[in-house]
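Below, each chain spelled out in residue letters.
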Amino acid sequence: MQDMMAAVEPQIPGLRRYARALTHDVSSADDLVQDCLERVVSRWSQRRSDGDVKSWLFAILHNLAVSQFRQVKRRGAHVAIDDANEDAFARAPSQEDGMRHRELVARLDALPDDQRDVILLVTVEGLSYAEAARVLDIPVGTVMSRLSRGRERLLRSITADEPAHPVTYLRSVK
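Residues numbered from 1 in each chain as written. Predicted model: local features only at pLDDT ≥ 70, side-chain atom pairs only at ≥ 80, totals over all residues. Heavy atoms only, no water.

(A) Focus on helix H5 (residues 96-110). Its 15 residues place the ends of H5 21 Å apart at the C-alpha level, agreeing with the 21 Å of an ideal helix rising 1.5 Å per residue. Among the residues of H5, those classed as buried are Gly 98, Arg 107 and Leu 108. Of the surrounding elements, those touching the buried residues of H5 are helix H6 (113-124) and helix H8 (140-160). (Helix = DSSP H or I, 4+ residues; strand = E, 2+ residues; numbered from the N terminus. Expected span 1.5 Å × (residues − 1). Buried < 20%, exposed > 50% of the residue type's maximum accessible area, 1.4 Å probe, protein only. Contact = heavy atoms within 4.5 Å.)

Structure, rendered in structure tokens:
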């Protein structure tokens, strides 16, 4: 039990970040991570002893998220008014960092799912190409290809909004 706790506990912040990026909701992400950890505890003995714990955890989380998304798509989202998150009633921040963050998230959401998943795992969570390949159950070459195409598409979407001529600011000199 101690070896499981020592291996899993340091990975929880990364699992939470990835779950939040997938669900876009704090409470849903926390539920997803809890489901993942319950599955890890109940199936710890089924883990390959020579396998990487981090990629195994992220694979479980990813697969649970995909299953939940399919279930919501079939059933439709339902939230009781009493269970509504207070964040739904809050105003969006007006700070520039908040705007940049939302813009980046929107641009990531516009990417195809396969490219977005690879970008999040490799660039945000710091998984190697091989670890991301194990999480997504795809070849390493496919990870590299999706990452390259995703980065290129993201860069094009960012540079498409920039003005053709840079804005110049005038200043008065006394």
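(B) Local environment of the environment of Gly 126. Residue placement: Gly 126 occurs in the loop between H6 and helix H7 (129-136). Placed 112 residues apart in sequence, Gly 126 and Gly 14 show a C-alpha to C-alpha distance of 9.3 Å. Not counting residues within four places of it along the chain, the set of residues in contact with Gly 126 comprises Leu 121 and Glu 131.

(C) Examining unusual backbone geometry more closely. A positive phi angle, near 60°, is found at His 24, a position not held by glycine. Tracing the backbone shows His 24 in the loop between helix H2 (12-23) and helix H3 (26-42). For Asp 137, which is not a glycine, the phi torsion comes out positive at approximately 60°. Judged by its relative accessible area of 70%, Asp 137 is exposed.

(D) Geometry of a nonpolar patch on the surface. The grouping of Tyr 129, Val 140 and Met 144 at the surface amounts to a nonpolar patch, some 240 Å² of accessible area in total. Inspection of the secondary structure puts Met 144 in helix H8. (Patch = residues over 30% accessible without salt bridge, like charges linked within 9 Å, V, L, I, M, F, W, Y side chains within 5 Å. Areas by Shrake-Rupley, 256 points an atom, 1.4 Å probe, with all protein chains shown as cover. Salt bridge = Lys/Arg side-chain N within 4 Å of Asp/Glu carboxyl O.)

(E) Structural detail: the packing of aromatic side chains. Tallied over the full model, the rule gives two aromatic pairs. Ring centres 5.8 Å apart and planes at 65° place the aromatic pair Trp 44 and Trp 56 in the edge-to-face group. A residue pair is termed long-range when its members are at least 10 positions apart, and Trp 44 in the loop between H3 and helix H4 (53-75) and Trp 56 in helix H4 qualify at 12 residues. For Trp 44, a relative accessible area of 15% gives the class buried. The ring of Trp 44 is capped by Arg 47, whose NZ or CZ atom sits 4.2 Å from the centre of that ring. (Phe/Tyr/Trp six-rings, centres within 6.5 Å; stacked < 30°, edge-to-face > 60°. Lys NZ or Arg CZ within 6 Å of the ring centre and 35° of its normal.)

(F) Looking closely at the environment of Leu 155. Inspection of the secondary structure assignment puts Leu 155 in helix H8. With relative accessibility at 53%, the residue Leu 155 sits in the exposed group. As for Leu 155 and Arg 107, which are separated by 48 residues in sequence, their C-alpha atoms are 9.6 Å apart.

(G) Main features of the side chain of Glu 125. Here Glu 125 lies in the loop between H6 and H7. A polar contact is formed between the side chain of Glu 125 and the side chain of Arg 17, at a distance of 3.3 Å. Once you skip the residues sitting within four places of it in the chain, Glu 125 turns out to touch Gly 14, Arg 17, Tyr 18, Lys 54, Phe 58 and Leu 120. (Polar contact = N/O pair within 3.5 Å; in protein donor to acceptor, adjacent residues only side chain to side chain.)

(H) View of the pattern of salt bridges. This model, assessed by the stated rule, comprises six salt bridges. With a shortest N-O distance of 3.3 Å, Arg 17 and Glu 125 are connected by a salt bridge. With Arg 17 in helix H2 and Glu 125 in the loop between H6 and H7, this pair connects stretches of sequence that are 108 residues apart. Taking the relative accessible area as the measure of exposure, Arg 17 reaches 46% and is therefore partly exposed. Here Glu 103 ties to Arg 107 by a salt bridge, and the two come within 3.2 Å at their closest N and O atoms.

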